[in-house]
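Chain by chain, the residues:
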Amino acid sequence: MHPTRLTAALAALALTASLAGTLAGTAAAATDGPSQPVPPGHGRSLALAAADKAADSGLDGLRHGTDEELVRTAVTPWTGGLYYAAYERTYKGLPVTGGDAVVLSDSAGKVRHVAAAPAPAIRLSTEAAVGEAAALATARAQLADVESASTPELTVLLKGNKPVLTWHTLVVGRTAQDLPSSLDTYVDARTGKVTQVTDKVRHAEGRGYHNGNVTIDTAASSMTDPNRSGFRCGGQNGSAYTGTPPWGNGTANDLVTACVDIMYAAQRESDMLKQWFGYNGINGQGGMVPARAGLGEVNAYYDGTKTTYGRNQNGTNQLTGIDVVAHEYGHEIFDRTPGSAGSSNENGGMNESTGDIFGALTEHFAANPNDTPDYTVGEKLNFLGDNKPIRYMYNPSLAGDPNCYPQLNSGTEVHAAAGPQNHWFYLLAEGSNPGGGKPSSPICSGGPSSVTGIGVQKAGKIFMGALLMKTSSWNHLAARKATLATAKNTYGSAECNAVKTAWNAIGVPAQSGETDCGGTTTPDFSLALNPASGSVQAGSSVTSTVNTTTTGGSAQTVQLSASGAPSGVTVSFSPSSVTSGGSSTMTVQVAAGTANGTYPITVTGKGSATHTVTYQLTVGTDTPPPTGCANTEYTYEGSLSSGQAEAQPDGSYYYSATSGTHVGCLRGPAGTDFDLYLQKWNGSGWADVAVGGTASADEDITYNGTAGYYRYVVHAYSGSGAYTLGLSAP
C-alpha cells in the first residue's frame, strides 16, 4: 500500500470538480425498510451529488455533447440547507466561455432549480492557425498603454450561439483617450482578428466626504486587512500605506484619510454580506481585491484586479463615500459570482445596478449618522452644482434614465440601463408608497396598482441569491426567474409574490418555466440517469437506470420516452411509467450492422411538467466497464480521470442496521491503479475503516463492523477509465 494514498484519496474527494457517476438516490441503499436519517453534516454531500448527477445527465438546460463536460467550479451554501453549485462548460478539455450553468439543490438530495446559459452542440477543430504570441500582440494593441497582460489561453467562445476557437487574454492599461481599461479580449485563433472584447472597468463617480471617527481592521503598521484576504489600501503604486493608528488626519484630501473611508465602507459591505446573507465576503471566499486612493481624475472604478478612487470635479473631496466604495466592490461581487460580467449593454446596466444596490444595502447596514441610508447615488457629490444625486433608484427618470424595462434598447448607455433593476429593487424593498418620509415610486404602464415592500434586508438576500444563479447570458428575464426561485426557496409564497409584483411593476413579463409562487408547493420532479453514458457493440444491448425524484408537491406519474436514437437502435423502459421517486430500467438495443459512433439520446419524463436528460450511447469504439464482481449484492459503475475520487453508492452512503461483514469489490481499467476505501460515519466525519490500496486496478475489501452509516470511496490513484464496484452489507 502506498503510504500517502489515504490523504490523497480524501483530498481528491474533497476537491474533485465533478463526481461524474454520482446520484443522490436512496440513502439506505443496502438495507430494506424505512429510510434512515441523514448523518449530521452529510446534507452538503447529498445536495452536491444531486447537482453533479443533474449536470452529468444533462437535465433540461444542462444538455451537453459527447466532447463537452460541465465542470463544477464553485459551491455556495445558502439558507435552509440549500446549495448553489456553479458549472463551467469544457470542450475537449478547453474552457468554454458561455454555456455555463447553476444548479440549486437541497440537503435531501433534490434539485430545486436549474439556470443555464444557452449552448449549441459544439463541433469544431481545436487546432489554432494563429499562434499564442501573435494573438497576444493583437490583444495588447487594443490599448495605447499596457500595464499587464495575462498569458493567452485557448478557449471556445460561444458568440451568437456559434462556437469560435479563440485566444483569451486580459489586458490592463489605458486607452488612447487616457482612460483606465481592463479588456477581456478574444482573438480568433483562425483569422487572428479580435472577435470579442469587453471592458471590465466599471466607472462610477462618487462623493468625497468622510465617515467620521470609525473602527477599521488593519495590521499594526500598515493599512492591510488581517481578516480579509487580498484587501489593503494605499496609493497609486499599489503598496499599502504604512504607519501606526490612528490612521489619517480627517481632512478632505489626505489620502490616508481616504483609505480610512475606503476600508470602512468595504469592510462594512463584507460584514453585511456575512451577517445578513450568510455569504463569505465580497469574493465569496472571505476576501476582496485591494484598493488604491489618489487617482488624479474625476473617477472611481473596478477593473477586475483592484478598485481605484479619484477626486470630485472641483477637487474638494476624495470619492470615498460609503455608496461609491460599496458600488465598486459590488462590481466585484457581480464579477465573482457565476457567469461573471457579460458583454451586452443590458448586462452592463445590470452590473451597474448591482453596484448601486450594494451601495444602498451597505448604507443601511452601516447606519452611519454621517450618511443617512437612502436609495440615491452621489447625492453629496454636486457634479452639476445643484446638489442633486446622479441616480435615483426609486425613480430613475429624475436623472433622465429609464424607469421601465420596455424602455431599454441595445444602445442604452450602461449607467442609464441600471434604471429598471434599480427601480425593481426599491419597489421590492420599500414598495410604491412606503411612507415614513421615504419617497413614493411610480409604476410602469400595465403594472399593478401598488406594490408593498418586504424590507431592504429580505430584498437584498433575494437579490444575492439570484446572483448565485447568474449565467453568462444574464438579463432582466433571467433575473426575474432567478429571484422568484430564490424567494420561494429561501422564504416562501408571500415573498415570491412580492418579487413577481415588483417585476410586473417595471414591465418585465412572466417567463416560461418560472417558479410558481402559490401558497402550496407546485408538483414537480427531476430526472437523472445512472450511468449517463454507455458503450456497446453492434448486436448487443446496454442498460441504464432512470431515477426520478419528487421535488415539489405530491408524487406523480411520470411517463418515460426516448428520442434521437439512430437507425438500428431501439430504446425501451421497464416500466414505461413510474411514480416520481421510483426508477425504471432503460434498455438500449443496438442491431447488428449499426454504424460505430457516439449518439446522444434524449430521455423525456412527462408529468405535470416535462423534463429531459441525455444519454450518450457509444457503439463499437469504447471499452465497457470491467466485470468480476458478480457475487456481490449491489453493483455500481462509474468513470474517473486520474487523481479524481467519488463516493458510492451513487454519491451517497448506506445504513447497516446490524453488525456483520461488509464486502467491497472494485474492478478498474486495465493498466491503471485504482484504490478503494470503506468509510464509517463517526458522528462528525467520515473515517476510513478498511483500505484496498495495492498498486493495481482491482481491490477487494472485507470488514466486520458494527451498525452505522458507511460509504465507499473509489480513487483513481493513476490512470483513467470506467470501473465497476460491487458491495454487500449485513
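Residues numbered from 1 in each chain as written. Predicted model: local features only at pLDDT ≥ 70, side-chain atom pairs only at ≥ 80, totals over all residues. Heavy atoms only, no water.

(A) Layout of the nonpolar core. Counting 87 residues, the largest nonpolar core has Phe 277, Tyr 329, Phe 358, Phe 425 and Met 464 as its most contacted members. No other element matches the twelve residues that helix 4 (residues 255-277) contributes to this core. Setting aside chain neighbours within four positions, we find Tyr 329 in contact with Phe 231, Ala 266, Glu 269, Ile 282, Met 288, Val 289, Pro 290, Ala 291, Thr 307 and Tyr 309. Counting 37 residues, the second largest nonpolar core, distinct from the first, contains Leu 560, Met 586, Val 603 and Leu 617. (Core = buried A, V, L, I, M, F, W, Y, C linked by side-chain atoms within 4.5 Å. Buried < 20%, exposed > 50% of the residue type's maximum accessible area, 1.4 Å probe, protein only. Helix = DSSP H or I, 4+ residues; strand = E, 2+ residues; numbered from the N terminus. Contact = heavy atoms within 4.5 Å.)

(B) Quick look at the state of the cysteines. Scanning all chains against the criterion turns up four disulfides. Paired through a disulfide, Cys 629 and Cys 665 show a sulfur-sulfur distance of 2.0 Å. As the torsion about the S-S bond is roughly -80 degrees, the Cys 629-Cys 665 disulfide counts as left-handed. With Cys 629 in the loop between strand 26 (610-619) and strand 27 (634-640) and Cys 665 in strand 30 (residues 660-667), this residue pair connects regions lying 36 residues apart in the sequence. Both residues of the pair, Cys 629 and Cys 665, count as buried. The disulfide pattern of the protein chain is 1-2, 3-4, 5-6, 7-8 when the bonded cysteines are numbered in sequence order. (Disulfide = S-S within 2.5 Å.)

(C) Main features of the packing of aromatic side chains. With the rule as written, the count across this model stands at 20 aromatic pairs. Residues Trp 78 and Tyr 84 carry aromatic rings whose centres are separated by 5.6 Å and whose planes lie at 80 degrees to one another, so their mutual orientation is edge-to-face. In this structure Trp 78 comes out as buried when scored by relative accessible area, which is 8%. Look at Tyr 653 and Trp 686: their rings are 6.3 Å apart centre to centre, the planes differ by 40 degrees, and that puts the pair in the tilted class. With Tyr 653 in the loop between strand 28 (645-648) and strand 29 (654-656) and Trp 686 in strand 32 (residues 686-692), this pair connects stretches of sequence that are 33 residues apart. Taken together, Phe 358, Trp 424, Phe 425, Phe 463 and Trp 503 form an aromatic cluster joined through their ring pairs. (Phe/Tyr/Trp six-rings, centres within 6.5 Å; stacked < 30°, edge-to-face > 60°.)

(D) Examining helix 9 (residues 476-490) more closely. Over its 15 residues, helix 9 runs 20 Å from end to end, which matches the ideal 21 Å to within 8%, given 1.5 Å per residue. Of the positions making up helix 9, those classed as buried are His 476, Ala 479, Arg 480, Ala 482, Thr 483, Leu 484, Ala 485, Thr 486, Ala 487 and Thr 490. Elements in contact with the buried residues of helix 9: strand 2 (82-91), strand 5 (111-116), helix 6 (345-366), helix 7 (419-430), helix 8 (456-467) and helix 10 (493-505). Its side-chain oxygen at 3.2 Å from the backbone nitrogen of Leu 477, Asn 475 defines the N-terminal cap of helix 9. (Expected span 1.5 Å × (residues − 1). Polar contact = N/O pair within 3.5 Å; in protein donor to acceptor, adjacent residues only side chain to side chain.)

(E) Local environment of the sheet that holds strand 24 (residues 583-590). If you walk across this open sheet you meet the four strands as 18-20-24-22, and the pairing is antiparallel. Each edge of the open sheet is held by one strand with a lone partner, namely strand 18 (524-530) and strand 22 (569-574). Strand-to-strand, the axes of this sheet are offset by a mean angle of 25 degrees, without reference to chain direction. (Pairing = 2+ DSSP bridges. Axes fitted to C-alpha atoms, helices over the stretch in contact; angles between N-to-C directions.)

(F) Unusual backbone geometry, seen in detail. A cis amide bond, omega 0 degrees, links Pro 245 with the succeeding residue Pro 246. Mapped onto the secondary structure, Pro 246 falls in the loop between strand 12 (233-234) and helix 4. Each neighbour pair has its own omega, and for Gln 648 with Pro 649 the value is 10 degrees, a cis peptide bond. Structurally, Pro 649 is set in the loop between strand 28 and strand 29. Phi at Asp 60 is positive, roughly 50 degrees, even though this residue is not glycine. For Asp 60, the location among the structural elements is in the loop between helix 2 (43-57) and strand 1 (68-77). Of note in the backbone geometry, Asp 178 takes a positive phi value of approximately 65 degrees without being a glycine. By secondary structure assignment, the location of Asp 178 is in the loop between strand 8 (162-174) and strand 9 (180-188).

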